[in-house]
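# Observations on chain architecture
The primary structure of each chain is shown beneath.
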Amino acid sequence: MNHTAHTIEKAVKEIADEMRERADRGEVAHYIPELARVDPKHFGIVVIDDHGHVACGGDADMPFSIQSVSKVFTLTLALGRYGDRLWQRVGREPSGSAFNSIVQLEYEKGIPRNPFINAGAIAVTDMILSGHQPREALGEILRFMRFLANDHSVTIDEAVAASEQRTGFRNIALANYMKSFGVIENPADLTLGVYFHQCAIAMSCRQLATAGRYLAHNGRNPETGMSVVHPERARRINAVMLTCGHYDGSGEFAYRVGLPGKSGVGGGILAIAPGKASIAVWSPGLDANGNSHLGRIALEALTKKLGWSIFGV
Ligand code: GLN
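The sections below set out a description of the structure shown in this document. Predicted, not measured: the structure shown is a model, and the values here were computed from it.

Counting secondary structure elements, the protein contains 14 helices and eight strands. The C-alpha atoms of the protein give a radius of gyration of 18 Å, which matches the 20 Å a tight globule of 313 residues would have. Evaluated residue by residue, the protein yields a buried proportion of 58% over its 313 residues. Pairs at least 24 apart in sequence give 68% of the contacts found in the protein among residues at least 6 apart.

Laid out in structure tokens, this is it:
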């Protein structure tokens, strides 16, 4: 183990120990009944550096619902298919409002602000669905996740998908509203079916951190040498993660952590230290913006200890 790997390992262990003890854990996502049942005591962290060294702490191998973290990967897939034409259907500016907000859609003619708020992610999923059956589109997303995670055991938690399908009234509204502007091409219920299932993909921190490695290393996995996207595209996805990845909490995340990151209401966060590491944390309790409470605190501690903020030490 080299010097840096040792330093990372020490930082990860310290953080996992500290997070295990903390009383302030936020609130699990109650609006998705299946997620409301998850024990807020969990905490997991995995850091994979440029050499492929894995530092892990806590529940690093326990699968959780990746929810909106999936939006990074569907954006990557859709950019692969449509290139920059994608930006005609969805913007790339922070929204300054909640992940499931509908207000901006009316005065912006159904074009979502960015691909990470729910409306934007539903529009991106609709693009992936076009020309395919929902089963095929979902298969493509799942195969991509398995390929990136280098793990064929990654699956969809059907109970979570069904739970959201039953109760996702806001997303149903968002999709139908966009459909009225012609931003959604497919029948809204089919697009939503794919979207709910992509959000219900279950992965561990280890799998998620592995999957994110191409974003930390100019579009390719340094271990396999496999190129996923062009370096310029990786840089741009990171930029959108930095500005929009935590919804209305993106400014605070940049201020405290200083890395591109994407959160999900399952309590997961994928964070990218460009050139250095891919990081996944998981703690199911959320803050008021729907981002993992301890996840953010853990990442803040990590970047501080290692001097990894992209804005300086
Ligand atoms: N599936 C969730 C929803 O659509 C994803 C939201 C999130 O993770 N922020 O409400």
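For the rest of this paragraph, the subject is the site of the ligand. All residues adjacent to the ligand are Y31, Q67, S68, F99, N118, E164, N171, Y195, C199, Y247, G264 and V265. At 2.5 Å, a side-chain N or O of Q67 approaches a nitrogen atom of the ligand. Here the ligand loses 99% of its free accessible area of 300 Å² to cover by the protein chains. Residue classes in the shell around the ligand are distributed as six nonpolar, five polar and one charged.

This paragraph deals with the sheet that holds strand β7 (residues 268-273). Strand order in this open sheet of five strands is β2-β1-β8-β7-β6, and the pairing throughout is antiparallel. Of all the strands in the sheet, just β2 (54-58) and β6 (261-263) have a single pairing partner and so form its edges. Averaged over all neighbouring strand pairs, the angle between strand axes comes to 10 degrees, with direction disregarded. Sheet topology places strand β1 (residues 44-49) next to β2; five bridges connect them, and they run antiparallel. Within β2, the residue paired with V46 across the bridge is C56.

If you trace the backbone, E252 turns up in helix α13 (residues 250-256). Through-space distance from the C-alpha of E252 to that of R296 is 9.7 Å; in sequence the pair is 44 residues apart.

Attention now moves to the packing of helix α3 (residues 70-82) against helix α12 (residues 231-244). It is at 11 Å that the axes of α3 and α12 come closest, and there the two elements cross at 140 degrees. Comparing their axes, α12 and α3 come out oblique. The element α3 and its partner α12 pack so that their crossing is right-handed. Between α3 and α12, the contacting residues are V72, L75, T76, L79 and G80 on the first element and R233, I237 and M241 on the second. Grouping the amino acids of the contact of α3 with α12 by side-chain chemistry returns five nonpolar, two polar and one charged.

What follows is about the packing of aromatic side chains. Applying the stated criterion across every chain yields a total of five aromatic pairs. When the centroid spacing of 5.0 Å and the interplanar angle of 10 degrees are considered together, the rings of F64 and W282 count as stacked. Within this pair, whereas F64 is found in strand β3 (residues 64-65), its partner W282 is found in strand β8 (residues 277-282), the two being separated by 218 residues in sequence. For the pair formed by F64 and W282, the shared burial category is buried. Ring centres 5.8 Å apart and planes at 55 degrees place the aromatic pair Y195 and F196 in the tilted group. The pair Y195 / F196 is uniform in exposure class, with both members buried. By the ring-pair criterion, three or more aromatic residues cluster together here, those being Y31, F99 and Y247. When the ring centre of W87 is taken as reference, the NZ or CZ atom of R92 above it lies at 5.2 Å.

Counting through the fold element by element, S95 comes out in the loop between α3 and α4 (103-107). Look past the residues within four positions of S95 in its chain and what remains in contact with it is Q104, R113, N114 and I117.

Turning next to the side chain of Q67. One can find Q67 in the loop between β3 and α3. Residue Q67 is classed as buried on the basis of its relative accessible area, which comes to 2%. Q67 has contacts with I32, L35, V160, E164, C199, A200, G264, V265 and G266, leaving out every residue within four places of it along the chain.

What follows concerns α12. The end-to-end C-alpha distance of α12 is 20 Å, a good match for the 20 Å that 14 residues give at a rise of 1.5 Å each. For α12, every residue scored as buried is listed here: A234, I237, N238, V240, M241, L242 and C244.

All right, on to the sheet that holds β3 then. In space, the three strands of this open sheet follow the order β3-β5-β4, with antiparallel pairing throughout. What marks the edges here is a single partner per strand, and that holds for β3 and β4 (155-156). Across two bridges, β4 lies against strand β5 (residues 201-203) in antiparallel orientation. Within β5, the position partnered with I156 by the bridge is I201.

A separate point is the nonpolar core. Core analysis: the largest hydrophobic core is formed by 62 residues, its most contacted members being F73, L86, I201 and M203. The residues contacting I201, other than those within four sequence positions of it, are F64, S65, I66, I141, L142, M145, V154, T155 and I156. By size, the runner-up hydrophobic cluster in this structure holds 27 residues, among which are V257, A277, V281 and L306.

Each value, and the rule that gives it
Residues numbered from 1 in each chain as written. Predicted model: local features only at pLDDT ≥ 70, side-chain atom pairs only at ≥ 80, totals over all residues. Heavy atoms only, no water. Helix = DSSP H or I, 4+ residues; strand = E, 2+ residues; numbered from the N terminus. Rg over C-alpha atoms; globule rule 2.2 N^0.38 Å. Buried < 20%, exposed > 50% of the residue type's maximum accessible area, 1.4 Å probe, protein only. Contact = heavy atoms within 4.5 Å. Near = heavy atom within 4 Å. Polar contact = N/O pair within 3.5 Å; in protein donor to acceptor, adjacent residues only side chain to side chain. Areas by Shrake-Rupley, 256 points an atom, 1.4 Å probe, with all protein chains shown as cover. Nonpolar A, V, L, I, M, F, W, Y, C, P; charged D, E, K, R; others polar. Pairing = 2+ DSSP bridges. Axes fitted to C-alpha atoms, helices over the stretch in contact; angles between N-to-C directions. Parallel < 35°, antiparallel > 145°, perpendicular 65-115°, else oblique. Left-handed = near helix turned anticlockwise from the far one by under 90°. Phe/Tyr/Trp six-rings, centres within 6.5 Å; stacked < 30°, edge-to-face > 60°. Lys NZ or Arg CZ within 6 Å of the ring centre and 35° of its normal. Expected span 1.5 Å × (residues − 1). Core = buried A, V, L, I, M, F, W, Y, C linked by side-chain atoms within 4.5 Å.

Geometry only, nothing functional implied.
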